[in-house]
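Fold and geometry: a report
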Number of protein chains: 2
Amino acid sequence: MSRYIREGDNPDLTEERRKASFDTEAMAELFWGARNLMRRREIANYVEQHREFDDPQPTAFMTREELIENATRKAVLTMEHAEKAIDITRDEESHYFNALTMGIDGNPFGLHLVMAIPTIMNNADEGQQDEWLPKALNREFIATYAQTEMGHGTNLKKLETTATYDPKTQEFILHSPTITSTKWWPGNLGKSSNYSVVMAQLYSQGKCYGAHPFFVQLRDLRTHKPLPGITVGDIGPKFGINTNDNGFLRFDQVRIPRRSMFMKHAKILPDGTYVPPSHSKLNYSAMVYVRAAVVSLMASHLLACSTIAVRYSCIRRQGEITPGTGEVKVLDYQTQQYRIFPQIARGVAFRLSGNYIIQLYRQTMTDIKNGDISAVPDLHAISCGLKAVTSYQGALGLEQCRMACGGHGYLQASGFPLQYTVAIGACTYEGENMVMLLQTARHLIKMAKAIRSGRPPKPNKVIDYLFKKGPTKCLIDQTYDPNYQSVLEAFEHLSRRVTLEVYDRLVQLQQQGRSYELAWNECAVDLCKATRAHVRTFLAKTFVEEVNKIADISLKSVFQDLLQLYLFYEVTECAAGLLEDGFMSGQQLTYAKKNVYDALAKIRPNAAAIVDSFDISDRELQSVLGRRDGNVYENLLKWAQMSPLNKHDVLPFHHKYLGKMMDEARQKSKL
Amino acid sequence: MSRYIREGDNPDLTEERRKASFDTEAMAELFWGARNLMRRREIANYVEQHREFDDPQPTAFMTREELIENATRKAVLTMEHAEKAIDITRDEESHYFNALTMGIDGNPFGLHLVMAIPTIMNNADEGQQDEWLPKALNREFIATYAQTEMGHGTNLKKLETTATYDPKTQEFILHSPTITSTKWWPGNLGKSSNYSVVMAQLYSQGKCYGAHPFFVQLRDLRTHKPLPGITVGDIGPKFGINTNDNGFLRFDQVRIPRRSMFMKHAKILPDGTYVPPSHSKLNYSAMVYVRAAVVSLMASHLLACSTIAVRYSCIRRQGEITPGTGEVKVLDYQTQQYRIFPQIARGVAFRLSGNYIIQLYRQTMTDIKNGDISAVPDLHAISCGLKAVTSYQGALGLEQCRMACGGHGYLQASGFPLQYTVAIGACTYEGENMVMLLQTARHLIKMAKAIRSGRPPKPNKVIDYLFKKGPTKCLIDQTYDPNYQSVLEAFEHLSRRVTLEVYDRLVQLQQQGRSYELAWNECAVDLCKATRAHVRTFLAKTFVEEVNKIADISLKSVFQDLLQLYLFYEVTECAAGLLEDGFMSGQQLTYAKKNVYDALAKIRPNAAAIVDSFDISDRELQSVLGRRDGNVYENLLKWAQMSPLNKHDVLPFHHKYLGKMMDEARQKSKL
């Protein structure tokens with residue numbers, strides 16, 4: 001008996017929960033791990049018992065100022081409660097606690113924790129750390145990280161903000177020489193932060209030494225007003241993530257002490273002499289981590305939205321499939337299953353690969369400390385590609401879930417608009433997706449060169465398959481294949497083929513006289529395709545491997561249904577690539593499609609229990625359509641009745657415009 | 001010299017405008033028609049001279065109440081000015097005038113004009129018309145159309161609101177017996193309208209006669225308060241279209257006079273006798289019209305968003321393609337062109353098909369009056385499919401344009417968020433897209449049956465090709481083919497094949513014992529594919545035909561580039577379908593891709609001038625990124641500085657939360 005069944009629930013949903021072929025709680029344990037699941041329940045309980053974490057009204061009803069006030073209140077509260085509620089050394093616990101208390105839409109000192117403190121730890125010298133770090137950890141100030149400018153994002157060389165050293169006063173002069181040099185986008189910069197890491201071009205003794213980080217006070221500690229010479233504010237409303245006060249920042253000849261420059265690596269001596277870092281160091285680790293984290297983030301969005309869509313589709317009835325037998329649950333429609341279930345499968349695939357890539361990240365960090373940097377390029381490459389592919393597929397998937405809920409999905413009450421606008425941000429933040437796809441492609445092209453020159457690199461799991469010879473013909477439907485070896489080989493084949501083809505074309509274009517860069521640009525769309533094929537292979541292999549590890553047969557069988565759907569859905573998605581060189585036959589594609597439809601039918605009776613086992617609470621979902629109890633319609637009406645426009649029976653301006661128009665018309669017609 | 005070039009413009013954009021191979025103004029004339037273009041200019045001028053049409057601040061800064069007040073103010077103003085500004089008998093003029101004055105986000109009496117007045121004209125008998133129509137036209141009241149309920153949308157049979165006739169008082173009793181019977185979604189119902197057409201199940205003498213329309217007063221004419229027994233309000237914030245007060249409505253035993261029932265067709269006599277309509281009449285015309293209009297609407301969205309993306313991509317510089325030559329315009333990247341230019345091509349394709357389908361609609365209405373209803377099924381079918389395909393492709397395309405603008409596209413200042421949230425609404429309103437695709441498929445299956453039985457229907461342009469035999473092998477790249485006959489034949493082949501295949505499978509499943517309905521559901525995903533293939537064929541053929549009509553060679557050449565991109569892009573989109581039966585070869589697909597990339601390169605130098613020729617004004621675009629003058633960055637900063645959060649240097653609640661937290665931390669560290 002599912003713990004999700006309670007008295008007073010919508011009977012259609014209860015019926016679905018009873019149908020499950022597996023134990024929901026056992027599935028939840030498998031999904032989260034037993035210890036994490038227990039802790040999730042305890043943390044959720046803690047939050048439920050502290051009503052001060054509740055929103056005073058649904059956030060969809062709030063103005064942006066109210067949103068930020070509410071988020072600020074809850075962020076401070078979250079910090080105060082953290083030590084009591086969770087083991088703060090465990091990321092899983094703080095992520096979950098934050099998700100419950102602050103939701104998905106950002107908070108006013110996220111950047112302080114994620115960017116500013118790590119920068120101090122990695123770039124401040126000992127004296128600076130002694131001064132700044134305790135204060136930062138105690139939250140005596142709130143800092144952010146200001147790199148991106150209006151005119152340039154990640155390209156450090158092209159940043160325009162200057163920090164010019166003046167040896168007379170031993171100060172730097174920070175300046176924003178152009179409009180485009182305005183810092184633009186840094187999270188929490190607009191209103192919350194009073195300090196910031198600022199990336200600026202370092203000038204000393206008439207020479208530019210490139211972009212360096214500085215630690216700069218922006219606002220008065222007492223009044224919180226911007227300091228002289230500093231213009232700072234919020235960049236205005238966005239598609240989503242509006243609780244974050246992403247900001248702009250301009251300097252008008254602002255003087256800061258010499259020791260404001262982060263001096264662990266490079267230095268400026270009092271006389272203005274530049275001391276370069278002892279070894280030039282590529283520090284991609286924070287970026288790699290964030291990109292890897294996007295994969296898990298997208299998993300969360302997909303699992304949340306598919307939970308909403310499945311539950312609503314169990315209580316929404318529409319049309320008769322067999323005349324005279326009454327309206328069916330819309331989840332019975334194949335088209336509805338085809339919209340929603342692949343999103344569940346992708347959500348699970350992303351979750352598994354997200355876990356894997358974070359482990360790989362941690363392993364690689366350990367390796368680096370031990371002097372082994374060999375895995376860095378592969379990790380960097382796959383994390384870029386995964387970020388791009390999962391953020392786009394994820395966002396598209398959310399919209400499928402939303403549209404599967406028809407008109408009601410368009411209501412803010414559904415929870416979908418917030419999910420989508422937050423999730424789609426990941427397509428452009430932390431490395432715009434096309435740039436990311438091409439980053440991965442650079443690595444793939446290196447591998448292609450190694451293949452063509454017969455010099456494979458040190459073996460490793462992510463990229464090895466490129467150097468192998470697979471079957472020359474697709475074996476889908478030809479062999480008994482419980483582990484989907486034939487499907488994985490098909491993905492490998494496609495990835496290998498498109499990578500080598502685009503490599504050969506690059507070489508050919510150069511032989512025809514193009515520069516490498518122009519040739520690259522002419523092949524860019526196909527290079528992106530190579531990355532997508534590589535990422536597909538990675539996601540699919542990880543999914544297969546993880547399912548193989550499951551011991552419990554009833555749970556494994558459910559995962560196998562999702563895996564079947566995932567793999568054959570992906571086959572249909574990349575079918576043109578598999579068909580075009582004759583690797584796969586039309587008959588095999590028909591077989592793949594049949595497998596998709598079969599999987600949909602197998603998943604159908606378990607769908608409600610599957611999404612239950614993701615253990616996403618109503619507090620997280622923030623969705624009237626996705627409520628655990630399935631009592632959608634009455635709560636939709638209640639929700640609407642609470643909304644701001646309904647505070648007045650008659651809008652205050654009615655008589656000024658429409659009322660007046662109608663009155664005058666009636667007067668006129670009486671004449 | 002382009003009329004879009006002015007002094008003070010961003011020189012990067014001017015340079016692009018100078019590069020055009022054609023005359024922008026001649027293109028604009030071709031695009032809109034000479035007379036319409038002239039009138040557009042005059043109307044735009046009229047609006048510019050009446051500053052009262054200006055928004056007091058960007059709408060992105062407004063609360064929903066402010067949005068609706070502003071929209072109401074402008075809607076009343078638009079009505080007052082209409083006769084002076086435009087020829088109100090010409091739809092093109094009123095559409096354009098409304099677009100300039102009210103924008104894309106709806107208005108408080110749109111439904112009065114589009115739904116309520118036509119219902120009175122089509123469904124009220126003479127006496128009722130005499131009473132209601134003059135008042136409606138004079139705007140003595142504002143009415144809407146309330147059909148959709150919380151639990152059911154377009155399925156009239158399942159509506160739950162009841163209208164029970166009481167012969168004693170000669171009244172109907174309107175009642176909402178369940179939560180799900182609550183009227184939910186009707187536009188302008190929440191706050192603006194004081195009357196509504198209400199669809200309700202008619203009961204008389206103990207018998208239900210099905211859903212009928214009633215004309216019901218909802219609010220007091222003087223106070224605008226809801227009348228006794230009526231609960232009415234706004235359904236709350238939505239993903240978009242928030243200037244529209246979509247509403248809910250419940251009746252608690254509300255009595256209305258017998259003559260409130262629309263009596264042109266069916267009647268209730270004073271004693272309660274039901275008089276059925278003389279002939280049961282399917283009145284799809286309004287729905288067909290709205291669905292056809294969606295095609296043009298999506299064209300407008302795509303052309304607006306591609307205008308923004310192209311202009312911004314001309315002034316945004318990022319990265320060097322050739323080292324040492326400086327940063328390039330991002331429009332020079334193939335990946336950027338691949339994102340944006342197909343949206344231009346689709347926008348143009350939708351515009352051409354949108355025009356065509358509206359003409360077909362008008363022709364069909366004339367035919368119906370003359371007793372010829374033969375074209376109705378084809379028109380109905382293609383309009384459903386077109387609505388579904390163009391609304392989804394359109395919305396996806398807008399997101400591509402947005403993401404092509406990187407982080408800045410995510411700002412409300414870009415204009416994209418409003419465009420997307422409004423446009424994507426079309427996927428679920430006026431017939432949810434899956435339902436629409438399956439409607440068209442029903443018609444296709446009828447055609448397939450006719451093919452298999454060798455009985456073709458009366459010839460007509462939309463569906464004829466299904467009955468023809470095309471080539472058995474794809475002829476792309478095999479023949480000289482200036483009119484793309486081989487591509488059109490490929491689309492026809494695919495549409496024919498998938499339609500017949502799914503028909504045969506339906507028959508087979510029934511032979512295996514499935515009911516028709518269950519077989520239909522098992523084939524539903526493939527049925528949707530058949531519709532998409534049919535719609536693709538229609539869009540492509542219309543595009544080819546329209547381009548062939550262009551006389552001017554320099555303009556035609558530009559259209560041909562867009563057509564080349566459109567057709568071969570579509571070939572790559574449906575490549576799996578063309579490859580799987582061996583119709584197209586891998587080599588031909590390579591040829592198609594090459595044609596896509598060639599078309600991108602040909603369009604590149606004309607891109608800025610092409611979007612100029614769509615003649616979309618800054619007032620319509622509402623986009624800082626898409627400004628005609630290209631002066632993006634300084635205006636982005638100004639825009640942000642005007643935004644509500646920046647009214648305060650320090651947010652009013654700062655000291656209550658963050659300030660307090662930091663103060664306390666500093667106190668503590670001093671101890």
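Calculation notes
- Residues numbered from 1 in each chain as written.
- Chains lettered and ligands numbered in written order.
- Predicted model: local features only at pLDDT ≥ 70, side-chain atom pairs only at ≥ 80, totals over all residues.
- Heavy atoms only, no water.
- Axes fitted to C-alpha atoms, helices over the stretch in contact; angles between N-to-C directions.
- Helix = DSSP H or I, 4+ residues; strand = E, 2+ residues; numbered from the N terminus.
- Left-handed = near helix turned anticlockwise from the far one by under 90°.
- Contact = heavy atoms within 4.5 Å.
- Nonpolar A, V, L, I, M, F, W, Y, C, P; charged D, E, K, R; others polar.
- Least-squares fit on C-alpha atoms with pLDDT ≥ 70 in both.
- Pairing = 2+ DSSP bridges.
- Phe/Tyr/Trp six-rings, centres within 6.5 Å; stacked < 30°, edge-to-face > 60°.
- Buried < 20%, exposed > 50% of the residue type's maximum accessible area, 1.4 Å probe, protein only.
- Lys NZ or Arg CZ within 6 Å of the ring centre and 35° of its normal.
- Buried area = accessible area lost by both parts, 1.4 Å probe.
- Salt bridge = Lys/Arg side-chain N within 4 Å of Asp/Glu carboxyl O.
- UniProt positions renumbered as here; feature names shortened; annotations may be inferred.

With respect to the packing of helix α13 (residues 485-511) of chain A against helix α16 (residues 553-573) of chain A
Two numbers describe a pair of packed helices, the interaxial angle and the distance between the axes. Residues and elements named next belong to chain A. Running from N to C, α13 and α16 point in directions that differ by 35°, and their axes come no closer than 11 Å. Remark: the crossing between α13 and α16 carries left-handed chirality. Of α16, the residues touching α13 (which contributes Val487, Leu488 and Phe491) are Leu567, Phe568, Glu570 and Val571. Grouping the amino acids of the contact of α13 with α16 by side-chain chemistry returns six nonpolar, no polar and one charged.

Here's the deal with the relation of the copies chain B and chain A
Under the fitted operation, chain B is carried onto chain A by 0.0 Å of movement along the axis and a turn of 180°, and the coordinates agree to an RMSD of 0.0 Å. Taken together, these values place the two copies in the relation of a two-fold axis. Nearest to the rotation axis, the C-alpha of Ala576(B) is located 2.1 Å from it, this being the minimum over chain B. Taken as a fraction of all interface residues of chain B, those also at the interface in chain A reach 100%, which identifies the copy contact as same-surface.

Here we look at the sheet that holds strand β8 (residues 247-251) of chain A
Pairing in this open sheet of three strands is antiparallel, and the strands run β4-β8-β7 (chain A) from one edge to the other. Of all the strands in the sheet, just β4 (183-184) and β7 (230-234) of chain A have a single pairing partner and so form its edges. Where helix α21 (residues 632-642) of chain B meets the sheet, its contacts fall on β4, β7 and β8 of chain A, and the angle it forms with β8(A) comes to roughly 115°.

Here's the deal with the packing of aromatic side chains
A complete count under the given rule lists 55 aromatic pairs over all chains for this structure. Centroid distance Phe543(A) to Tyr566(A): 5.4 Å. Interplanar angle 50°. Geometry classified as tilted. Of the two residues, Phe543(A) sits in helix α15 (residues 524-548) while Tyr566(A) sits in helix α16, which places them 23 residues apart along the sequence. Residue class for Phe543(A) comes out buried when judged on its relative accessible area of 0%. The class of Tyr566(A) is buried, set by a relative accessible area of 2%. Through a chain of ring-to-ring contacts, three or more aromatic side chains come together here, namely Trp185(A), Phe239(A), Tyr410(A), Tyr420(A), Trp185(B), Phe239(B), Tyr410(B) and Tyr420(B). Lying across the ring of Trp520(A), Arg442(A) places its NZ or CZ 4.2 Å from the centre. The ring centre of Tyr96(B) lies 4.0 Å from the NZ or CZ of Arg40(B), which sits over that ring.

Quick look at the interface of chain B and chain A
Counting residues at the interface gives 131 residues for chain B, matched by 131 residues for chain A. Roughly 11400 Å² of surface becomes buried between chain B and chain A when both sides are summed, with 64% attributable to carbon and sulfur atoms. The largest share of the area that chain B buries against chain A comes from Phe239(B), Tyr410(B) and Leu645(B), three residues that together contribute 7% of it. Our enumeration of links across chain B and chain A arrives at six salt bridges. Linking Lys593(B) and Glu580(A) is a salt bridge whose minimum nitrogen-to-oxygen distance equals 3.3 Å.

As for the pairing of strand β8 (residues 247-251) of chain B
All names here are of chain B. A large share of β8 lies buried, amounting to five of its five residues. Burial of the side chains of β8 extends over both faces: Gly247, Leu249 and Phe251 are buried on one face and Phe248 and Arg250 on the other. One ladder, built from two bridges, connects strand β4 (residues 183-184) with β8; its direction is antiparallel. Each residue of the ladder has a partner; that of Lys183, found in β8, is Leu249. Relative to β8, strand β7 (residues 230-234) is paired through five bridges, and the arrangement is antiparallel. In the strand pairing of β8, Gly233 is matched with Phe248.

Description of the UniProt feature "binding site: FAD" (unreviewed entry) in chain A
All names here are of chain A. In the numbering adopted here, UniProt assigns the feature "binding site: FAD" (unreviewed entry) to Thr148 and Gly187. In summary, the annotated positions, though distributed over 40 residues, converge in three dimensions, the widest C-alpha pair being only 10.4 Å. Within the secondary structure, Thr148 sits in the loop between β1 (143-146) and β2 (162-166). Classification of Thr148 by relative accessible area gives partly exposed; the value is 26%. Here Thr148 is in contact with Gly153, Thr182, Lys183, Trp184, Trp185 and Pro186, once residues within four sequence places are set aside. Mapped onto the secondary structure, Gly187 falls in the loop between β4 and β5 (195-204). In this view, Gly187 contacts Leu111, Thr144, Asn244, Asp245 and Asn246; residues no more than four positions away in its chain are not counted.

Considerations on the pattern of salt bridges
Inspection of every chain in the model, using the stated rule, returns 102 salt bridges over all chains. Note that Glu149(B) and Lys183(B) form a salt bridge whose closest N and O atoms lie 3.1 Å from each other. Note that Glu149(B) is positioned in the loop between β1 (143-146) and β2 (162-166) and Lys183(B) in strand β4, a separation of 34 residues in sequence. The class of Glu149(B) is buried, set by a relative accessible area of 1%. Between Asp561(B) and Lys602(B) there is a salt bridge, and its shortest N-O distance comes to 3.7 Å. Here Asp561(B), found in helix α16 (residues 553-573), pairs with Lys602(B), found in helix α18 (residues 586-603); they are 41 residues apart in sequence, far enough to count as distant. Residue Asp561(B) is classed as buried on the basis of its relative accessible area of 10%. Connected through shared salt-bridge partners, Arg3(A), Glu25(A), Arg40(A), Arg41(A), Asp615(A) and Glu620(A) make up one network.

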